[in-house]
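Architecture and fold: a report
For reference, the chains in residue letters:
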Amino acid sequence: MSNPVIIEAVRTPIGRRNGWLSGLIAPKLLATVQVEAVKRAGIDPADLDQIVGGCVTQAGEQGSNVTRHAWLSTGLPYSPAATTVDCQCGSGQQANNFVLGLIATGGADIAMGCGVEAMSRVGLGANVMNGPGSPKAADHPWDDPQGQFDAAERIAQKRGISRLDIEELGCASQQNAAVAWAEGRFDREVISVEAPVMKDGELTGETEKISRDQGLRETSLAGLAALRPIMPDGIHTAGTSSQISDGAAAVLWASEEKAKELTELQEVLKQRDKKLAEAQKTQLEFLQKQRELDDAKRELDLTVEKRVQEGLTATREQAKKEAEEGMKLKVMESSEERTGGNACS
């Protein structure tokens with residue numbers, strides 16, 4: 001038996017229904033985190049043994065093994081196997097449970113558990129509402145809840161949970177999320193996504209970088225208490241229900257032995273990168289000094305040239321002055337010779 005460990009985890013921001021991420025199809029959303037998890041871990045993508053993804057509504061853009069389509073869309077090696085599971089709202093968690101089991105039993109050394117839901121584009125129930133037929137047999141023996149809200153109400157009644165209980169929890173959850181974002185607690189796990197901009201349900205041709213969750217809301221207990229219950233005599237409202245969201249996440253797992261190998265490799269690569277950075281810094285410092293010396297030499301050359309020019313100018317002026325004085329002297333001597341000496345003698 002191997003001991004499975006998590007070596008990397010990453011997620012996209014979470015977009016609201018018809019919000020910031022609604023222009024991206026599910027395979028693109030999921031591919032973003034698949035690639036980033038591999039990149040951050042520094043592994044060769046061909047060494048990935050298995051990818052298991054969770055998705056609730058496996059239809060249309062999310063159909064036909066969306067996990068595999070997402071991986072192939074990246075252009076990375078096609079050798080890792082990929083599977084998509086539907087465990088309803090626990091699909092992503094179940095995908096990671098399966099990966100953990102694969103590694104624990106020696107079925108894989110490195111594997112990825114991930115999940116995606118683009119609910120703005122593929123609505124909940126799209127994989128069953130058009131049939132044919134129903135997933136439940138006519139003689140289905142169980143009194144199943146009619147959807148999530150019915151199930152939530154049954155759980156609350158059975159566990160003695162009140163409306164105030166869930167609204168206090170919902171309010172605290174929003175407040176905690178706001179504080180966590182303000183303090184940068186999600187910075188390590190969230191990757192920015194370049195998403196197409198949508199307007200009135202149409203692509204604008206522009207893109208926008210999305211870096212934080214869109215679902216945070218300023219709320220209060222008084223505000224939640226004023227909302228109408230979704231079901232008659234129920235306790236759940238829009239303020240205490242999960243919103244329609246778009247997003248994806250990926251968790252990279254490895255056996256403890258493989259993780260140690262990767263850690264040692266990362267340390268070697270880290271030391272290599274450190275030495276390269278130091279060499280580049282030394283080279284840049286040398287080039288900077290060389291530029292400073294070249295600048296100083298040019299300045300000195302200009303100064304010398306200026307001084308030479310000034311010296312030449314001064315020499316020419318002096319020569320001119322001496323020549324003029326010499327001419328004056330010759331004129332005077334010539335005049336004396338014509339007059340026979342001093343006129344006053």
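Read on for an overview of the structure. Remember, it's a predicted structure, so these values are computed and weren't measured experimentally. (Residues numbered from 1 in each chain as written. Predicted model: local features only at pLDDT ≥ 70, side-chain atom pairs only at ≥ 80, totals over all residues. Heavy atoms only, no water.)

**Here's the deal with the overall build of the protein**
- Regarding its fold elements, the protein presents 7 helices and 8 strands.
- The C-alpha radius of gyration of the protein comes to 39 Å, more than 25% above the 20 Å expected for a compact globule of 345 residues.
- Buried residues in the protein amount to 29% of all 345 residues.
- Within the protein, contacts between residues at least 6 apart in sequence are counted, and of these 80% link residues at least 24 apart.
- For the protein, the computed accessible surface area is about 22,300 Å², with 54% contributed by carbon and sulfur atoms.
- Taking the average location of the 39 positive side-chain charges in the protein and that of its 51 negative ones, the two points are 3 Å from each other. (Helix = DSSP H or I, 4+ residues; strand = E, 2+ residues; numbered from the N terminus. Rg over C-alpha atoms; globule rule 2.2 N^0.38 Å. Buried < 20%, exposed > 50% of the residue type's maximum accessible area, 1.4 Å probe, protein only. Contact = heavy atoms within 4.5 Å. Areas by Shrake-Rupley, 256 points an atom, 1.4 Å probe, with all protein chains shown as cover. Lys, Arg positive; Asp, Glu negative; His and termini not counted. Charge placed at Lys NZ, Arg CZ, Asp CG, Glu CD.)

**Concerning the environment of Thr83**
- Assignment of secondary structure puts Thr83 in strand 4 (residues 81–85).
- As for Thr83 and Val5, which are separated by 78 residues in sequence, their C-alpha atoms are 20 Å apart.
- Setting aside anything within four residues of it in sequence, one finds Thr83 in contact with Gln50, Ile51, Val52, Gly53, Asn65 and Thr67.

**Overview of the side chain of Asp246**
- Here Asp246 lies in strand 8 (residues 245–255).
- No salt bridge is formed by the buried Asp246; the nearest opposite charge belongs to Arg121, separated by 7.8 Å.
- Ignoring any residue separated from it by four or fewer positions in sequence, one finds Asp246 in contact with Pro13, Ile14, Gly15, Arg16, Leu21, Ser22, Leu29, Glu117, Ala118, Met119 and Ser120. (Salt bridge = Lys/Arg side-chain N within 4 Å of Asp/Glu carboxyl O.)

**Side note on the pattern of salt bridges**
- A full pass over the atoms with the stated rule returns 14 salt bridges.
- Two residues, Lys289 and Glu292, come together in a salt bridge whose shortest N-O distance is 4.0 Å. Linking Lys289 with Glu292, this pair stays in helix 7 (residues 256–339), spanning 3 residues, or about one helical turn.
- Residue classification places Lys289 among the exposed positions, given a relative accessible area of 53%.
- In the salt-bridge network here, residues are joined through shared partners; they are Arg11, Glu189 and Asp213.

**Examining helix 3 (residues 91–104)**
- When the terminal C-alpha atoms of helix 3 are compared, their 20 Å separation across 14 residues agrees well with the 20 Å that a helix rising 1.5 Å per residue should span.
- Those residues of helix 3 that sit buried are Ser91, Ala95, Asn96, Val99, Ile103 and Ala104.
- Turning to helix 3, the residues buried within the fold contact strand 1 (4–11), strand 3 (50–54), strand 4, strand 5 (110–118) and strand 8.
- Backbone geometry just after helix 3 places Gly106 at a positive phi near 85°. (Expected span 1.5 Å × (residues − 1).)

**Section: the packing of aromatic side chains**
- In the structure shown here, the tally under the stated rule is 1 aromatic pair.
- With 5.2 Å between their ring centres and 50° between their planes, Trp181 and Phe186 make a pair best called tilted. (Phe/Tyr/Trp six-rings, centres within 6.5 Å; stacked < 30°, edge-to-face > 60°.)

**Section: a nonpolar patch on the surface**
- Where nonpolar side chains cluster on the molecular surface, the patch consists of Leu300, Val304, Val308 and Leu312 and spans about 330 Å² of accessible area.
- Inspection of the secondary structure assignment puts Leu312 in helix 7.
- What makes Leu312 partly exposed here is its relative accessible area of 40%. (Patch = residues over 30% accessible without salt bridge, like charges linked within 9 Å, V, L, I, M, F, W, Y side chains within 5 Å.)

**Quick look at the pairing of strand 4**
- In the sheet, strand 3 pairs with strand 4 via 5 bridges, with the strands oriented parallel. In the strand pairing of strand 4, Val52 is matched with Thr83.
- Taken together, strand 3, helix 2 (residues 66–72) and strand 4 form a β-α-β motif whose crossover is right-handed. (Pairing = 2+ DSSP bridges. Right-handed = clockwise from strand over helix to strand, strands pointing away.)

**As for a negative patch on the surface**
- Together, Asp44, Asp47, Asp49, Asp109, Glu256 and Glu257 make up a region of like negative charge exposed at the surface.
- Take Asp47: it is sitting in the loop between helix 1 (26–41) and strand 3.

**A word on helix 5 (residues 163–182)**
- With 20 residues, helix 5 ought to run about 28 Å at 1.5 Å a step, and its terminal C-alpha atoms sit 29 Å apart, in line with that.
- Every buried residue of helix 5 is accounted for by Arg163, Ile166, Glu167, Gly170, Cys171, Ala180 and Trp181.
- Turning to helix 5, the residues buried within the fold contact strand 1 and helix 6 (221–225).
- Remark: Gly184 follows helix 5 within two positions and exhibits a positive phi of approximately 75°.

**Here's the deal with the pairing of strand 3**
- For strand 3, the tally of buried residues reaches 5 of 5 residues, placing the bulk of the element in the interior.
- Residue alternation in strand 3 divides its side chains into two sets, Gln50, Val52 and Gly54 and Ile51 and Gly53, and both sets are buried.
- As paired strands, strand 3 and strand 5 are joined by 5 bridges and run parallel to one another. Its bridge partner lying in strand 5, Gly54 is registered against Gly115.

**Section: unusual backbone geometry**
- With an omega dihedral of 5°, the bond running from Gly131 to Pro132 counts as a cis peptide bond.
- Summarising the element assignment, Pro132 is placed in the loop between strand 5 and helix 4 (148–159).
- Backbone geometry at Gln88 places phi at a positive 55°, although glycine is not the residue there.
- For Asp200, which is not glycine, the phi dihedral falls at a positive 55°.
- Relative to the elements of secondary structure, Asp200 occurs in the loop between strand 6 (193–199) and strand 7 (202–210).

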